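Here are the chains, one letter per residue:
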Amino acid sequence: MKIGYACINNSLKCRANKTFRLSSYTEEKLVETIKNNLDCLKKILEYNLEHNLMFFRITSELIPFGSHEINKFDWLNYFKKDFEEIGAFIKNHDMRISMHPDQFVVLNSPKEKVIQNSIGELLWHAQVLDAMNLDLTAKIQIHVGGVYNDKDKAIEKFVETYKNLPLQIKRRLAIENDDKSYSLKDCLKLNKKIGIPIIFDNFHHECLNNKEPMFEAVKLAQSTWKKQDGVLMTDYSSQQPGERKGKHADSIDINHFKKYLEQTKDLEFDIMLEIKDKEKSALIAKQIMSS
DNA sequence: CCATGTCAAGGTCAC
DNA sequence: GTGACCTTGACATGG
């Protein structure tokens with residue numbers, strides 16, 4: 001069971017998600033920013049190894065304007081060595097990696113332009129993971145998308161888009177149950193049609209479900225992961241007290257976490273904490289798990 | 001230096 | 001209709 005956190009490490013001084021405005025785009029700025037981001041990513045991974053946090057989500061801001069038409073620079077080749085070096089570090093230490101592109105990736109949109117933009121965005125994510133020579137346990141997770149007043153139709157649209165995706169994307173893609181539109185059950189429906197693995201999000205499941213108990217839910221999600229995909233990936237969070245429903249916690253709710261572990265006892269999966277204070281809570285979670 | 005309006009991109013819901 | 005929210009603040013300008 002690996003545990004980790006998303007994108008940002010607050011104990012280190014560097015950021016791997018540095019970006020800049022489109023209006024100030026220059027190739028020089030792009031190169032400088034990517035270099036900064038990759039250097040920081042290395043430092044974060046070293047920190048993670050030292051602290052035995054073996055699961056990490058690489059930020060989607062790693063490559064600013066990664067799929068924007070303004071970006072004509074061959075960054076993939078220019079930073080080839082860096083990607084290889086980072087990938088080797090990840091592999092040597094048996095770390096797990098995920099990426100989670102922004103909300104703009106919507107594969108079931110009725111707008112063709114949105115779908116094309118989404119594919120472009122997914123492509124550079126896949127290229128990064130490929131350049132690192134990571135196996136297929138490194139996943140790119142997305143939400144199913146919009147409902148557009150007809151969920152069955154929206155699901156069909158997802159299937160149609162998915163079937164035509166380049167293999168480079170398809171083989172790394174996973175869907176996550178969300179808190180408003182697509183429940184675990186909806187995701188399972190999609191899995192039946194196209195075999196896509198499901199990343200289980202406990203907090204979203206608490207917000208939107210079909211009464212599956214936690215143990216059952218995790219087991220169902222687990223059944224969608226083939227051998228080459230690795231063990232089930234999960235996102236973990238809990239409700240921030242006093243805030244509106246669906247708001248992620250600022251720091252880990254220890255009792256909630258312990259209860260979740262208890263509920264899912266004997267199941268094997270990796271846990272990505274989606275909690276605001278990042279590695280701080282991950283270290284607490286790590287401690288709870290080993291005690 | 002600091003304050004703050006805005007940032008490539010979508011969709012949903014609370015208000 | 002607007003704005004917060006999502007996985008996440010931080011860039012960049014004007015004072």
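Residues numbered from 1 in each chain as written. Chains lettered and ligands numbered in written order. Predicted model: local features only at pLDDT ≥ 70, side-chain atom pairs only at ≥ 80, totals over all residues. Heavy atoms only, no water.

Asks: Would you mind going over the protein's contact with DNA strand B in detail, with residue names and values included?
Replies: Near DNA strand B lie 17 residues; those nearest to it are Arg21, Leu22, Phe104, Val147 and Tyr148. A share of 47% is what sugar and phosphate atoms reach among the atoms of DNA strand B within 4 Å of the protein. The side chain of Ser109 places a nitrogen or oxygen atom 3.0 Å from a phosphate oxygen of DNA strand B. Here Glu121 contributes a side-chain N or O atom positioned 3.4 Å from a base nitrogen of DNA strand B. (Near = heavy atom within 4 Å. Polar contact = N/O pair within 3.5 Å; in protein donor to acceptor, adjacent residues only side chain to side chain.)

Asks: Can you explain the layout of surface pockets? Please cite residues and give values.
Replies: For the largest pocket, the calculated volume is near 830 Å³. Along the wall of the largest pocket there are 28 residues; nearest its centre are Arg57, His100, His248, Glu274 and Lys278. Where the lining of the largest pocket is concerned, the elements lending two or more residues are β2 (55-58) and α8 (202-207). Computed from the structure, the second largest pocket encloses a volume of approximately 660 Å³. Lining of the second largest pocket is provided by 22 residues; of these, Phe65, Gly66, Ser67, His68 and Glu121 occupy positions nearest its centre. Class assignment of the residues belonging to the lining of the second largest pocket gives a composition of eight nonpolar, nine polar and five charged. (1 Å grid on protein atoms, 1.4 Å probe; cavity = no way out; pocket = protein on both sides within 12 Å on 5 of 7 lines; lining within 4 Å. Points joined across faces, edges and corners; volume = space filled by probe spheres on them. Helix = DSSP H or I, 4+ residues; strand = E, 2+ residues; numbered from the N terminus. Nonpolar A, V, L, I, M, F, W, Y, C, P; charged D, E, K, R; others polar.)

Asks: Account for helix α4 (residues 112-131), with residues named and values stated.
Replies: Relative to the 28 Å expected for 20 residues at 1.5 Å per residue, α4 spans 28 Å between its end C-alpha atoms, a close match to the ideal helical length. When α4 is considered as a whole, its buried residues turn out to be Ile115, Ser118, Ile119, Glu121, Leu122, Trp124, His125, Ala126, Val128, Leu129, Asp130 and Ala131. (Expected span 1.5 Å × (residues − 1). Buried < 20%, exposed > 50% of the residue type's maximum accessible area, 1.4 Å probe, protein only.)

Asks: Help me get a handle on the pairing of strand β3 (residues 96-99), residues and values and all.
Replies: Burial of the side chains of β3 extends over both faces: Arg96 and Ser98 are buried on one face and Ile97 and Met99 on the other. Taken together, the four bridges between β2 and β3 define a ladder with parallel strand orientation. Its bridge partner lying in β3, Phe56 is registered against Ile97. Judged from the two bridges that link them, β3 and strand β4 (residues 139-142) form a sheet pairing that is parallel. Counted as the bridge partner of Met99 is Ile140 from β4. (Pairing = 2+ DSSP bridges.)

Asks: Give a description of the environment of Gly230 that names residues and reports values.
Replies: Position of Gly230 among the secondary structure elements: in the loop between α9 (214-222) and β7 (232-236). Taking C-alpha positions, Gly230 is 37 Å from Lys29, a pair spaced 201 residues apart along the chain. Every residue in contact with Gly230, bar those within four places of it in the chain, is listed here: Arg96, Thr137 and Trp225. (Contact = heavy atoms within 4.5 Å.)

Asks: Outline the packing of helix α10 (residues 254-263) against helix α11 (residues 279-289), listing residues and values.
Replies: Relative to each other, α10 and α11 sit at 45°, their axes nearing to 11 Å. As summarised for this structure, α10 and α11 are arranged oblique, according to the angle between their axes. Remark: the crossing between α10 and α11 carries right-handed chirality. Contacts between α10 and α11 involve Ile254, Phe257, Lys258 and Leu261 from the former and Ile284, Ala285, Ile288 and Met289 from the latter. Across the contact of α10 with α11, the residue classes tally to seven nonpolar, no polar and one charged. (Axes fitted to C-alpha atoms, helices over the stretch in contact; angles between N-to-C directions. Parallel < 35°, antiparallel > 145°, perpendicular 65-115°, else oblique. Left-handed = near helix turned anticlockwise from the far one by under 90°.)

Asks: Which residues make up the state of the cysteines, and what values do they have?
Replies: According to the stated counting rule, one finds one disulfide in the structure shown. Paired by a disulfide, Cys14 and Cys40 hold their sulfur atoms 2.1 Å apart. Since a negative S-S torsion denotes a left-handed disulfide, the Cys14-Cys40 link at about 75° is right-handed. Here Cys40 lies in helix α1 (residues 27-50) and Cys14 lies in the loop between β1 (3-6) and α1, a separation of 26 residues in the sequence. Pair check on accessibility: Cys14 and Cys40 agree, each one buried. Left unpaired, Cys187 is separated from the closest cysteine sulfur, that of Cys207, by 14 Å. (Disulfide = S-S within 2.5 Å.)

Asks: Explain the protein's contact with DNA strand C to me, and be specific about the residues and the numbers.
Replies: Close contacts around DNA strand C come from 21 residues, with Arg21, Ser24, Asp102, Gln103 and His248 the closest. Put simply, 67% of the atoms of DNA strand C that lie within 4 Å of the protein are in sugar or phosphate. Within the side chain of Arg15, a nitrogen or oxygen atom sits 3.2 Å from a phosphate oxygen of DNA strand C. With respect to DNA strand C, the side chain of Asp102 contributes an N or O atom lying 2.9 Å from a base oxygen. Here the residues of the surface near DNA strand C are counted per class, giving three nonpolar, seven polar and eleven charged.

Asks: How would you sum up the sheet that holds β3? Please name residues and give values.
Replies: Backbone-to-backbone hydrogen bonds pair the strands of a sheet. The strands run either parallel or antiparallel. Here we have eight strands rolled up into a closed barrel, ordered β1-β2-β3-β4-β5-β6-β7-β8, and parallel in their pairing. With strand direction ignored, the average angle separating the axes of adjacent strands in the sheet is 30°. Where strand β6 (residues 198-201) lies against β7, two bridges are found, and the strand directions are parallel. If you follow Asp201 over to β7, its bridge partner there is Asp235. Contacting β3, β4 and β5 (173-176), α4 crosses the sheet at an angle of about 155° to β4. Seen against the sheet, α9 touches β6, β7 and β8 (269-273) and runs at an angle of roughly 160° to β6.

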